[in-house]
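For reference, the chains in residue letters:
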Amino acid sequence: MFRYLIRRLLAAAVIMLVITTITFFIFFALPSDPALLACGKTCSPSRLAEIKHSLGLDRSYLTQYWEFLKGLFAGRDFGDQSVRIHCGAPCLGVSFQTDTPVLTTLLSDFPADLSLGLGAAVAFLVLGVGLGTAAAVRRGRAADKAAVGIALFGVSVQIYFIGLLLLYLFVDKFQILPTSGYTPITEDPAGWFQGLILPWTTLVIVYLAMYTRLTRSSMLEVLAEDYMRTARAKGLPAATVVLKHGLRAAITPIITIFGMDVGSLIGGSAVITESVFGINGIGKLAVDSVQNSDLPVILGTTLFAATFVVIANVVVDLVYGLVDPRVRLA
């Protein structure tokens, strides 16, 4: 297992290097001049030249790429002798809008994404697997039809519709919950929980459909296997047959999807949910940076999200070995 982990980590490092390289050169392939964007609308040629020199944009692309890679491990400095900004490792650049290191901005918004993504992921995994298992065991009965109906509803609706509807009902009309927004858990745990109830509910409704349908179809295949009939014929309790033997074999594809969803949610993919509920997370930061043409922040958010997706894939591969002995033996 240790050798396998080392191989997966090395493969993940190579993937991140490829993603970093492609993203960096796309950054310079854009038609807009990064120095001109940093300079603003009223920019003199002399000031444009100063900014190009301070950002290192007057060098060749390969030199800039090498400086960028070195900054990831050792940090780098931006600016001239009069105004110098130090960007510590791992340095993802300095924002054109705020003149602050991109990583500092990302880390300040990261707790909101972590709370939103991880809390919603745990909820829709537990509920989706539970509903899907119940639907498979009671195929054709009321529980199965109810689970399928819930799944169809979740597939049909959109995040912005559910989010606005929940805001209208629970905040505006009945005033059960306070105004939406994110409160750090270190400042007010109760406010943190109340502010995330509606965003969590919105994501759960949307993602629950996929996990319910996937669990149901996977469990139906497993329940039809010969070893499941043998387990029932031996007189094992129904709960043991379904949960220990059936669900353990059926959960492998669910783990794959769950790992991808958790990585993307924590990395800032819940941008619509953040915008609807006024949560200043990485997804909203990415949208704002696109609107402001803040290219270093766009580059940083892309790499930040890719990092969590790659890490999630490594974790999923390790969980495979714990859940399925066949994978561990292979």
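Residues numbered from 1 in each chain as written. Predicted model: local features only at pLDDT ≥ 70, side-chain atom pairs only at ≥ 80, totals over all residues. Heavy atoms only, no water.

Asks: Tell me about the packing of aromatic side chains, and name the residues and values.
Replies: For the structure on display, the rule yields 13 aromatic pairs. With 5.5 Å between their ring centres and 90° between their planes, F24 and F25 make a pair best called edge-to-face. A relative accessible area of 4% places F24 in the buried class. The partly exposed category is assigned to F25, whose relative accessible area is 30%. Relative to W200, the ring of F193 has its centre 5.8 Å away and its plane inclined at 65°; by these criteria the two rings are edge-to-face. The class for F193 is partly exposed, based on a relative accessible area of 43%. By relative accessible area, which is 14% here, W200 ends up buried. An aromatic cluster is present here, built from F24, F25, Y65 and F68 joined pairwise through their rings. Over the ring of F174 we find K173, and its NZ or CZ is 5.8 Å from the ring centre. (Phe/Tyr/Trp six-rings, centres within 6.5 Å; stacked < 30°, edge-to-face > 60°. Buried < 20%, exposed > 50% of the residue type's maximum accessible area, 1.4 Å probe, protein only. Lys NZ or Arg CZ within 6 Å of the ring centre and 35° of its normal.)

Asks: Explain the state of the cysteines residue by residue, including any values.
Replies: Applying the stated criterion across every chain yields a total of one disulfide. There is a disulfide in this structure between C87 and C91, and the S-S distance comes to 2.2 Å. Disulfide C87 to C91: torsion about the S-S bond roughly 115°, handedness right-handed. You can call C87 buried: its relative accessible area is 1%. Note on C91: relative accessible area 1%, which makes it buried. (Disulfide = S-S within 2.5 Å.)

Asks: I'd love a proper account of the environment of I257, names of residues and values included.
Replies: Assignment of secondary structure puts I257 in helix α11 (residues 252–269). Given a relative accessible area of 30%, I257 falls into the partly exposed group. Taking the C-alpha atoms as reference points, I257 and F96, separated by 161 residues in sequence, lie 36 Å from one another. Excluding its chain neighbours within four sequence positions, the residues that come into contact with I257 are M210, Y211 and L214. (Helix = DSSP H or I, 4+ residues; strand = E, 2+ residues; numbered from the N terminus. Contact = heavy atoms within 4.5 Å.)

Asks: I'd like to hear about the side chain of T133, residue by residue, with values.
Replies: Structurally, the position occupied by T133 is in helix α5 (residues 102–137). Since its relative accessible area comes to 8%, T133 is described here as buried. A polar atom in the side chain of T133 sits 2.7 Å from the backbone oxygen of V129. Not counting the four nearest positions on each side in its chain, T133 is found in contact with T215, M219, V242 and L247. (Polar contact = N/O pair within 3.5 Å; in protein donor to acceptor, adjacent residues only side chain to side chain.)

Asks: Describe in detail the nonpolar core, supporting the description with residues and values.
Replies: Inside soluble globular proteins, nonpolar side chains tend to come together where they are buried. Counting residues in hydrophobic clusters, the biggest one holds 61 residues, and the most contacted among them are L92, L106, L116, F124, L198, L203 and M219. Here the element with the most residues in this core is helix α8 (residues 189–223); it accounts for 13 residues. Taken domain by domain, the makeup of this core includes at least three residues from each of domain 1 (33–91) and domain 2 (103–327). (Core = buried A, V, L, I, M, F, W, Y, C linked by side-chain atoms within 4.5 Å. Domains from an automatic or database assignment.)

Asks: Residues and numbers for the pattern of salt bridges, please.
Replies: The full count for this structure, using the stated rule, is six salt bridges. A salt bridge links R229 to D226; the nearest nitrogen and oxygen atoms lie 2.1 Å apart. Of this pair, R229 and D226 are both found in helix α9 (residues 226–233), three residues apart, which corresponds to roughly one turn of the helix. The class for D226 is exposed, based on a relative accessible area of 52%. Members of the salt-bridge network, linked through shared partners, are R59, E67 and K70. (Salt bridge = Lys/Arg side-chain N within 4 Å of Asp/Glu carboxyl O.)

Asks: Hey, could you go over the domain arrangement of the protein for me, with residue numbers and the actual values?
Replies: In many reports, interface size means the accessible area that the parts give up when they come together. Domain annotation for the protein reports domain 1 (33–91) and domain 2 (103–327). The gap between the C-alpha centroids of domain 1 and domain 2 is 39 Å. Counting residues at the interface gives four residues for domain 1, matched by five residues for domain 2. Scanning the region where domain 1 abuts domain 2 turns up zero salt bridges. Along the contact surface separating domain 1 from domain 2 lie zero residue pairs in polar contact (both at pLDDT 80 or more).

Asks: Explain the environment of F96 to me, using residue names and the numbers behind them.
Replies: By the secondary structure assignment, F96 is in the loop between β2 (84–87) and α5. By relative accessible area, F96 is classed as buried at 12%. Between the C-alpha atoms of F96 and G246, which are 150 residues apart in sequence, the distance is 54 Å.

Asks: Account for the packing of helix α7 (residues 159–173) against α8, with residues named and values stated.
Replies: Two elements in contact, α7 and α8, have axes whose closest approach is 9 Å; the angle formed by their N-to-C orientations is 140°. By the angle between their directions, the pair α7 and α8 is classed as oblique. The interaxial crossing formed by α7 with α8 has right-handed handedness. Of the residues in α8, those touching α7 at I159, I162, G163, L166, L167, F170 and V171 are L198, T201, T202, L203, I205 and V206. (Axes fitted to C-alpha atoms, helices over the stretch in contact; angles between N-to-C directions. Parallel < 35°, antiparallel > 145°, perpendicular 65-115°, else oblique. Left-handed = near helix turned anticlockwise from the far one by under 90°.)

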